[in-house]
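One-letter residues, chain by chain:
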Amino acid sequence: MSKFRFSVGPWNVHSGADSYGPAVRAEIPAVEKYKKFAELGFSAVQFHDDDVVPDINNYSTDEIKAKAREVKSQLDQFGLKAEFVAPRLWMDEHTIDGGFMSTSQEDREYAMWRAYRSIDIARELGCDLIVLWLAREGTVCAESKSPVWATKMLIESINKMLEYDKSIRICIEPKPNEPIDRSICGTMGHVMAISAATIDPSRVGGNLESAHAVLAGLDPAHEIGFALAMGKLMTVHLNDQNSIRYDQDKSFGVENLRAAFNQVKVLKENGYGDHGEYVGLDVKAMRTTKDQDSYKHLENSLRIFKALEDKVDRFDYEFQKKCVESRDFEGLEMYVMDLLMGIV
Ligand code: XUL
Ligand code: MN
């Protein structure tokens, strides 16, 4: 029995379209996904603002809130909570050059409108967390904007959100690149610095995605540990990634089982979840996946996470201590490999 509660986003079950080809699986209606998420054992759903209110630009604030209430009652039906709302600041024509640090003032105002509406939606869904994946916040042409100005615009925008709602929490999901060339906020270290520069650092933290850490050339467990040490790990997006290439969102643990083990270990050792945090997945099915297997990558990720939780429970801390005392790191490493291979 897992000690954790899990969450997932509706975009994690998708039709398989990518930059190079069209959809290969049928779209599944949102309510059907929620039902299946509950059956698979998830406790909460992660949302983008327009997952909750499609065509959000066409509605007034009151209409947006009413539509969010409809989604809340759908979640209630399956005993699911909403974990967070993330403004999707990368699809709209107003976010071609990014949102909070766009070179167009009109577009920056549009980004704030989406951020405020995301807060309204979160409130209607009964959650207090806004995730900012800063997809296009950076440069595609390095000389197009000053990184100093851009960083300050991000801090200013977060301050406005903190002022708009006095108890909302803002959670930055760092990523070093893609779709942007050079990101402004690429790692947990950047997130902590931005947090410290806001008007209420206690309400600004991070969402560590395993694949994003790998893309930054960093170890996901260390990024998680760094944010935990600062008391600012608000959620996680667990998945996997084959080295520094396009963002793959593979099932958790399928590329690097030892790195996955260490992510579970650092979460478990440090009481992650004790204050209501969810273990969030952000995994994509392979494009080759058939319709009937649309949820298999979620099932696999949960299965791998729980199996690794079991390995963490069996981790021999006495043996580890002895190895450290005698500086026998070769022995310790082999013990970890034996544990993962099922030999001990
Ligand atoms: C993109 C990514 C997003 C965010 C949510 O790399 O991870 O799905 O998690 O906006
Ligand atoms: Mn993510």
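The shown structure was predicted, so the numbers you read here are calculated from the model rather than taken from an experiment.

Notes on helix α4 (residues 105–125)
Okay, so step 1: If you check α4, its first and last C-alpha atoms are 30 Å apart, about what 21 residues at 1.5 Å a residue would give, namely 30 Å.
Okay, so step 2: Counted residue by residue, α4 has 15 buried out of 21 residues, so it is predominantly covered.
Okay, so step 3: By the N-cap criterion, in which a side-chain oxygen at the helix start approaches the backbone nitrogen of a residue two or three places on, α4 is capped by Ser-104, the distance to Glu-106 being 3.4 Å.

Quick look at the side chain of Asn-207
Okay, so step 1: Structurally, the position occupied by Asn-207 is in strand β8 (residues 204–209).
Okay, so step 2: For Asn-207, a relative accessible area of 0% puts it in the buried group.
Okay, so step 3: Only 3.1 Å separates the side chain of Asn-207 from the side chain of Glu-173, close enough to count as a polar contact.
Okay, so step 4: Beyond its immediate sequence surroundings of up to four residues, Asn-207 is in contact with Val-131, Cys-171, Ile-172, Glu-173, Pro-174, Met-188, Thr-235, Val-236 and His-237.

Here we look at the coordination of the manganese ion (ligand 2)
Okay, so step 1: Around the manganese ion (ligand 2), the protein contributes the donor atoms Glu-173 (OE), Glu-209 (OE), His-237 (ND1) and Asp-282 (OD), which lie 2.0 to 2.2 Å from the metal centre.
Okay, so step 2: Classification of the site at the manganese ion (ligand 2) as octahedral follows from its 6 donor atoms and the range of 80 to 167° in their angles at the metal.
Okay, so step 3: Here Glu-209 falls in the buried class, since its relative accessible area comes to 0%.

Things to note about the pattern of salt bridges
A side chain of one charge can pair with a side chain of the opposite charge if their charged atoms are brought near each other.
Okay, so step 1: Enumeration over the complete set of coordinates arrives at 25 salt bridges.
Okay, so step 2: Put simply, Asp-50 and Arg-88 hold a salt bridge, and the shortest N to O gap is 2.7 Å. With Asp-50 in helix α2 (residues 49–52) and Arg-88 in the loop between β3 (81–86) and α4, this pair connects stretches of sequence that are 38 residues apart.
Okay, so step 3: Residue Arg-88 is classed as buried on the basis of its relative accessible area, which comes to 14%.
Okay, so step 4: For the salt bridge of Lys-268 with Asp-313, the shortest nitrogen-to-oxygen distance reads 2.9 Å. Pair noted here: Lys-268 is in helix α9 (residues 257–269) and Asp-313 is in helix α10 (residues 296–314), with a separation of 45 residues, a long-range link.
Okay, so step 5: Three or more residues joined by partner-sharing salt bridges are found here, namely Asp-49, Asp-50, Asp-51, Arg-88 and Arg-114.

What to know about the nonpolar core
Okay, so step 1: Counting residues in each nonpolar core, the largest one holds 84 residues, and the members touching the most others are Phe-100 and Leu-298.
Okay, so step 2: It is α4 that provides the largest number of residues to this core, a total of 8 residues.
Okay, so step 3: Leave out the neighbours within four places in its chain, and Phe-100 touches Leu-89, Arg-108, Ala-111, Met-112, Ala-115, Leu-132, Leu-134, Glu-137, Met-153, Leu-154, Ser-157 and Met-161.

Focus on the side chain of Asp-51
Okay, so step 1: Relative to the helices and strands, Asp-51 is located in helix α2.
Okay, so step 2: There is a polar contact of 2.7 Å between the side chain of Asp-51 and the backbone nitrogen of His-48.
Okay, so step 3: Of the polar contacts made by the side chain of Asp-51, one reaches the side chain of Arg-88; its length is 2.8 Å.

Notes on the site of ligand 1
Okay, so step 1: The environment of ligand 1 is made up of Trp-11, His-48, Trp-90, Trp-133, Glu-173, Lys-175, Glu-209, His-212, His-237, Asp-247 and Asp-282.
Okay, so step 2: In the model, an oxygen atom of ligand 1 is placed 3.0 Å from a nitrogen or oxygen of the His-237 side chain.
Okay, so step 3: Classifying every residue of the shell around ligand 1 gives 3 nonpolar, 3 polar and 5 charged.

Let's talk about the packing of aromatic side chains
Okay, so step 1: A complete count under the given rule lists 13 aromatic pairs for this structure.
Okay, so step 2: Arranged with centres 6.2 Å apart and planes meeting at 50°, the rings of Phe-261 and Phe-315 form a pair that is tilted. Remark: Phe-315 occurs in the loop between α10 and α11 (317–325) and Phe-261 occurs in helix α9; sequence separation between them is 54 residues. Residues Phe-261 and Phe-315 agree in their burial class; the two are buried.
Okay, so step 3: An aromatic cluster of three or more residues is present, and its members are Phe-261, Phe-315, Tyr-317, Phe-319 and Tyr-335.
Okay, so step 4: Stacked on the ring of Tyr-59, the Lys or Arg Lys-67 has its end atom at 4.6 Å from the ring centre.

Side note on the packing of α9 against α10
How two helices pack is summed up by the angle between their axes together with the distance between the axes.
Okay, so step 1: The contact between α9 and α10 brings their axes to 9 Å, and the two run at 65°. With respect to α10, the element α9 is oriented roughly perpendicular. Crossing of α9 over α10 shows right-handed handedness. Along its contact with α9, which presents Leu-257, Ala-260, Phe-261, Val-264, Lys-265, Leu-267 and Lys-268, the element α10 presents Ile-304, Phe-305, Leu-308, Glu-309, Lys-311, Val-312 and Asp-313.
Okay, so step 2: Looking at the contact of α9 with α10, its residues break down into 9 nonpolar, no polar and 5 charged.

Structural notes on the environment of Leu-89
Okay, so step 1: Relative to the assigned elements, Leu-89 resides in the loop between β3 and α4.
Okay, so step 2: With relative accessibility at 6%, the residue Leu-89 sits in the buried group.
Okay, so step 3: Counting along the chain gives 155 residues from Leu-89 to Ile-244, while the straight-line C-alpha distance between them is 24 Å.
Okay, so step 4: Excluding residues within four positions of it along the chain, Leu-89 makes contact with Thr-95, Phe-100, Ala-111, Arg-114 and Glu-137.

Thresholds, definitions, all that
- Residues numbered from 1 in each chain as written.
- Chains lettered and ligands numbered in written order.
- Predicted model: local features only at pLDDT ≥ 70, side-chain atom pairs only at ≥ 80, totals over all residues.
- Heavy atoms only, no water.
- Helix = DSSP H or I, 4+ residues; strand = E, 2+ residues; numbered from the N terminus.
- Expected span 1.5 Å × (residues − 1).
- Buried < 20%, exposed > 50% of the residue type's maximum accessible area, 1.4 Å probe, protein only.
- Polar contact = N/O pair within 3.5 Å; in protein donor to acceptor, adjacent residues only side chain to side chain.
- Contact = heavy atoms within 4.5 Å.
- Donors = N, O, S within 2.8 Å, 3.2 Å for Na, K, Ca; no water.
- Tetrahedral: all angles 85-135°; square planar, octahedral: opposite > 155°, others 65-115°.
- Salt bridge = Lys/Arg side-chain N within 4 Å of Asp/Glu carboxyl O.
- Core = buried A, V, L, I, M, F, W, Y, C linked by side-chain atoms within 4.5 Å.
- Near = heavy atom within 4 Å.
- Nonpolar A, V, L, I, M, F, W, Y, C, P; charged D, E, K, R; others polar.
- Phe/Tyr/Trp six-rings, centres within 6.5 Å; stacked < 30°, edge-to-face > 60°.
- Lys NZ or Arg CZ within 6 Å of the ring centre and 35° of its normal.
- Axes fitted to C-alpha atoms, helices over the stretch in contact; angles between N-to-C directions.
- Parallel < 35°, antiparallel > 145°, perpendicular 65-115°, else oblique.
- Left-handed = near helix turned anticlockwise from the far one by under 90°.

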